[in-house]
Amino acid sequence: MSTNTTYYNHPINEKGANAFNSNKRERPFELLQDRIAQQKPSKVAKTVIHWFRNDLRISDNTAFTKAIEQLQEIRIREGSDCNIMAIFTPNEHDWIAHLESNWRLNFMYRALTSLQSELLELSIPLYVLEFKPDKPILSRSKKFAAWLKKKCLELSGGEPVQVTANAEYLVDELQRDINVYHVTDEYFDLNIYHDTCVVEPYPLRTQQGSQYTVFAPWYKKWCTYLMERKPKDDLVHISSVEKKKYNRDTPHQKIGYKLPIGFALNVNCPLSKILDASEDAGMSRLQEFLGNSIKKYDQKDLLPDERSSHLSAFLSVGLISARTVVNSAFSLLGGNLVGKSPKDMSPAEEFIREVAWRDFYKHAFCYWPYLSMDIPFNLGSVGIKWLNDKSHFEKWCYGKTGVPIVDAIMRKLLFEGYINNRARMITASFLSKNLLIDWRWGEKWFRKHLIDCDLASNIGGWGFCSSTGIDAQPYFRIFNMERQSKTYDPSGNFIRKWVPELKNVENVHATQQHVESYPDPIVDSKQSRQRALNVYKDGLY
């Protein structure tokens, strides 16, 4: 599970990470921010192109709204002879390098198809431009930037073009946008906007001027920041575009692109299990959750029922904005949001707090860019002597550890591409603590199999559970698997469903089952706990 050297020839180490911490190396986000601060809408553009990435929606899409506004300004200046269009630029090398899951890619593809239909109602064509280099190259390359400029100018017929896009905060994507800025000129202009977070990165700083490393005080400031700037009735401003025809004539078109065979789903999942990937489906899910399911949000950790919102996949590809989500939840609070402790929160407040974690991790990625480069936040944790038993890792991956709750969760992940947050915490704790396997192995496995993977949240969650990340749990907190099982699957029905070998067992929670068709546990709970304490104590400090 090492870094893919096909795409990353010179992986960063702890010394390189410390160069960011000591300000000897510029952060990519700050470089992009400098370019954003200087940008202005083109004064000569005749065509506007919105570049869709992980923002596959029309509603409350900052850069898309700006594209419409700029189109209208051009028409006032130049007359009606100008057009707007949209592009999407897949590069399978990005997916391979980033370990994108087939679940997520198929969901994204169906979202793209839905988006095209929505755009056609506005008479805006969507062109899928596949970057197909002759050797493995990521979109962060200069070659991609030159290719993108060429393609956009082809679409505009050689006339000056204005491109809009929403910022993405991982290092590869930041470098991609910086390189595209470098090829801008009077014929090809790029404007990038902040959109994915409720509060954009960097405004929320400590008194020392740095990014917060602890969520609780950061969240209080997040709430205060929003309340001080809120519109009259909402928590945050929601942008919209008028539903009308923006081009004179746009012929009906098919998507013209299919996912390569290697990225197809390879499990026989019933169609009913596959989420409807559309804006309407995301809004319907949000409204149903806030109208009904949120009343039982205190049961969100239960494994059989999963009372969570199930909006994460929609947020991951941008079918719904985080602003829309928190605004809708805020409407249930009577006009006030305070960063209370979780025990004092209403269900709606607790839900908003969960969405805020998404911002927290993205902000951290901008300030500590090495978090997306296989380097842990706690650089002192690189001394942990992981056992990295490949046989144990494989059994964890495929749900054959002999620990019922772990096996049930991992089998569900393989079959459905989704497990709730509690399930992720249980299995992450078992891998990194009981098995003493490098948390990055598990993080990459989740990345490769989750339909809703958001890299910042995924790495943030694994860092928390493995006690190596930002605002992590203390190293001596090690889950008792039997206790977790009894608490979050009290009936045992979740285990019986996913581990049918135990369907007739009375106590499915026990970590020692003595069932012929089911394996003995690969580690002893007490012994592995003590071993983890010793190894962490020696390696973490």
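Cut-off values and rules
Sequence positions are assigned chain by chain, starting from 1 and proceeding in written order. The predicted origin of the model limits local features to residues at a pLDDT of at least 70 and limits the giving and counting of side-chain atom pairs to 80 or more, whereas totals for whole chains, interfaces and linings rest on all residues. Note that water and hydrogens are dropped before the side-chain values are worked out from all heavy atoms of the structure. Counting from the N terminus, the helices are the DSSP runs of H or I reaching at least four residues and the strands are the DSSP runs of E reaching at least two. Here the globule rule reads 2.2 Å times residues to the power 0.38, and the radius of gyration is calculated from C-alpha atoms. Exposure classes here rest on a 1.4 Å probe applied to the protein chains alone. A residue is buried below 20% of its type maximum, exposed above 50%, and partly exposed in between. We call two residues in contact when some of their heavy atoms are within 4.5 Å. Positive charges come from Lys and Arg alone, negative charges from Asp and Glu alone, with His and the N- and C-terminal ends not counted. Here the site of a charge means atom NZ of a Lys, CZ of an Arg, CG of an Asp or CD of a Glu. Residue count minus one, scaled by 1.5 Å, sets the expected span of a helix. Two strands qualify as a pair provided DSSP detects at least 2 bridges between them. Take the buried residues of types Ala, Val, Leu, Ile, Met, Phe, Trp, Tyr and Cys, join any two whose side-chain atoms come within 4.5 Å, and each joined set is a nonpolar core. The salt bridge definition used is simple: a Lys or Arg side-chain nitrogen within 4 Å of an Asp or Glu carboxyl oxygen. Lines fitted to C-alpha atoms define the axes here, with helix axes fitted over just the stretch in contact, and angles between the N-to-C directions of these axes take values from 0 to 180 degrees. Handedness of each helix crossing follows the sense of rotation of the near helix against the far helix: counterclockwise by less than a right angle gives left-handed, clockwise gives right-handed. Here the nonpolar group is Ala, Val, Leu, Ile, Met, Phe, Trp, Tyr, Cys and Pro; Asp, Glu, Lys and Arg are the charged ones; every other residue, Gly included, is treated as polar. Planes of paired rings set the category: under 30 degrees apart is stacked, over 60 is edge-to-face and the rest tilted, where pairs are Phe, Tyr or Trp rings (Trp by its six-membered ring) whose centres lie within 6.5 Å. Over a ring means this: the NZ of a Lys or the CZ of an Arg is within 6 Å of the ring centre and within 35 degrees of the ring normal.

*Asks:* Help me understand the overall build of the protein chain, please; the structure alone is not making it clear to me.
*Replies:* The secondary structure content of the protein chain amounts to 20 helices and 5 strands. For 541 residues, the compact-globule formula gives about 24 Å, and the C-alpha radius of gyration of the protein chain, at 24 Å, lands near that figure. Expressed as lengths along the three principal axes of its C-alpha atoms, the size of the protein chain is roughly 80 × 50 × 50 Å. Across the 541 residues that make up the protein chain, the buried fraction comes to 59%. Nonlocal contacts in the protein chain, meaning residues at least 24 apart in sequence, comprise 80% of its contacts between residues at least 6 apart. The protein chain carries 71 positive and 64 negative side-chain charges, and their two centres are separated by 3 Å.

*Asks:* Looking at this structure, I do not really get helix 20 (residues 525-540). What am I missing?
*Replies:* Helix length check: helix 20, at 16 residues, gives a terminal C-alpha distance of 21 Å against a target of 22 Å (1.5 Å per residue), a fit within 8%. Those residues of helix 20 lying buried are Ser528, Ala532, Leu533, Val535, Tyr536, Gly539 and Leu540. Residues of helix 20 that are buried make contact with helix 15 (421-434).

*Asks:* It is not clear to me how the pairing of strand 4 (residues 161-166) should be interpreted in this structure. Could you clarify?
*Replies:* Look at any regular strand and the pattern is simple: side chains alternate between the two faces of the sheet. Burial analysis of strand 4 places 6 of its 6 residues in the buried class, the great majority of the element. Side chains Val161, Val163 and Ala165 project from strand 4 onto one buried face, and the interleaved Gln162, Thr164 and Asn166 project onto a second face that is buried too. Here 4 bridges tie strand 1 (residues 47-52) to strand 4, and the two strands are oriented parallel to one another. The partner of isoleucine 49 across the bridge, within strand 4, is valine 163.

*Asks:* Could you clarify how one ought to interpret unusual backbone geometry in this entry?
*Replies:* Keep in mind that most residues, glycine aside, have a negative phi and that most peptide bonds are trans. A positive phi angle, near 50 degrees, is found at leucine 436, a position not held by glycine. Even without being glycine, aspartate 471 reaches a positive phi, approximately 50 degrees. The exposure class of aspartate 471 is partly exposed, given its relative accessible area of 24%.

*Asks:* Mind showing me how you'd approach the nonpolar core here?
*Replies:* The nonpolar side chains of a soluble globular protein tend to be buried, and buried together. Grouped together as the largest cluster of nonpolar side chains are 177 residues, with contacts concentrated most on Tyr219, Trp222, Phe351, Trp396 and Ile405. Of all the elements, helix 12 (residues 347-367) adds the most residues to this core, at 12 residues.

*Asks:* Is there a simple way to explain the pattern of salt bridges in this structure?
*Replies:* Once their charged atoms are close, side chains differing in charge can pair, the charge on each being opposite to the other. Throughout the structure, instances matching the rule amount to 27 salt bridges. As a salt-bridge pair, glutamate 501 and arginine 411 come within 3.0 Å of each other at their nearest N and O atoms. Placement of the pair is glutamate 501 in the loop between helix 19 (493-498) and helix 20 and arginine 411 in helix 14 (residues 404-416), with a sequence separation of 90 residues. A relative accessible area of 17% places arginine 411 in the buried class. Residue arginine 440 pairs with aspartate 438 through a salt bridge whose shortest N-O separation is 3.0 Å.

*Asks:* Even after reading the chapter, I still don't get the packing of helix 13 (residues 390-397) against helix 16 (residues 439-449), so can you show me in this structure?
*Replies:* The geometry of a pair of packed helices is captured by two quantities: the angle between their axes and the separation between those axes. Running from N to C, helix 13 and helix 16 cross one another at 30 degrees; their axes reach a closest spacing of 12 Å. Crossing angle aside, the handedness with which helix 13 passes helix 16 is right-handed. Contact with helix 13, carried on its side by Lys390, Phe393, Trp396 and Cys397, involves Trp441, Gly442, Trp445 and Phe446 of helix 16 and no other residues of that element. Per-class residue counts for the contact of helix 13 with helix 16 are 6 nonpolar, 1 polar and 1 charged.

*Asks:* Please explain the packing of aromatic side chains as it appears in this structure.
*Replies:* Any aromatic ring pair is given by two values, namely how distant the centres are and how the planes are angled relative to each other. Under the definition given, this model contains 37 aromatic pairs. Arranged with centres 5.4 Å apart and planes meeting at 75 degrees, the rings of tyrosine 398 and tryptophan 445 form a pair that is edge-to-face. You can see tyrosine 398 sitting in the loop between helix 13 and helix 14 and its partner tryptophan 445 sitting in helix 16, a full 47 residues away along the chain. What makes tyrosine 398 partly exposed here is its relative accessible area of 40%. Three or more aromatic residues joined by ring pairs make a cluster, and in this case those are Phe215, Trp218, Tyr219, Trp222, Trp357, Phe360 and Tyr361. Sitting over the ring of tyrosine 225, arginine 229 keeps its end group 3.7 Å from the ring centre.

*Asks:* I'm lost on the side chain of threonine 206 in this one. Help?
*Replies:* Residue position: threonine 206 is located in the loop between strand 5 (188-193) and helix 8 (215-229). On the basis of relative accessible area, threonine 206 is assigned to the buried category, the value being 16%. Other than its neighbours up to four places away in sequence, threonine 206 contacts Gln211 and Tyr212.

*Asks:* Looking at this structure, how should I read the sheet that holds strand 2 (residues 83-88)?
*Replies:* Strand pairing in a sheet relies on backbone hydrogen bonds, with the paired strands running either antiparallel or parallel. Taken together, the 5 strands give an open sheet; going across it, the order is 3-2-1-4-5, and neighbouring strands pair in parallel fashion. Only two strands of the sheet have a single partner each, and these edge strands are strand 3 (126-128) and strand 5. The average angle at which neighbouring strand axes cross in this sheet is 25 degrees, direction not considered. Together, strand 1, strand 2, strand 4 and strand 5 form the strand contacts of helix 3 (residues 62-78), whose direction differs from that of strand 1 by roughly 175 degrees.

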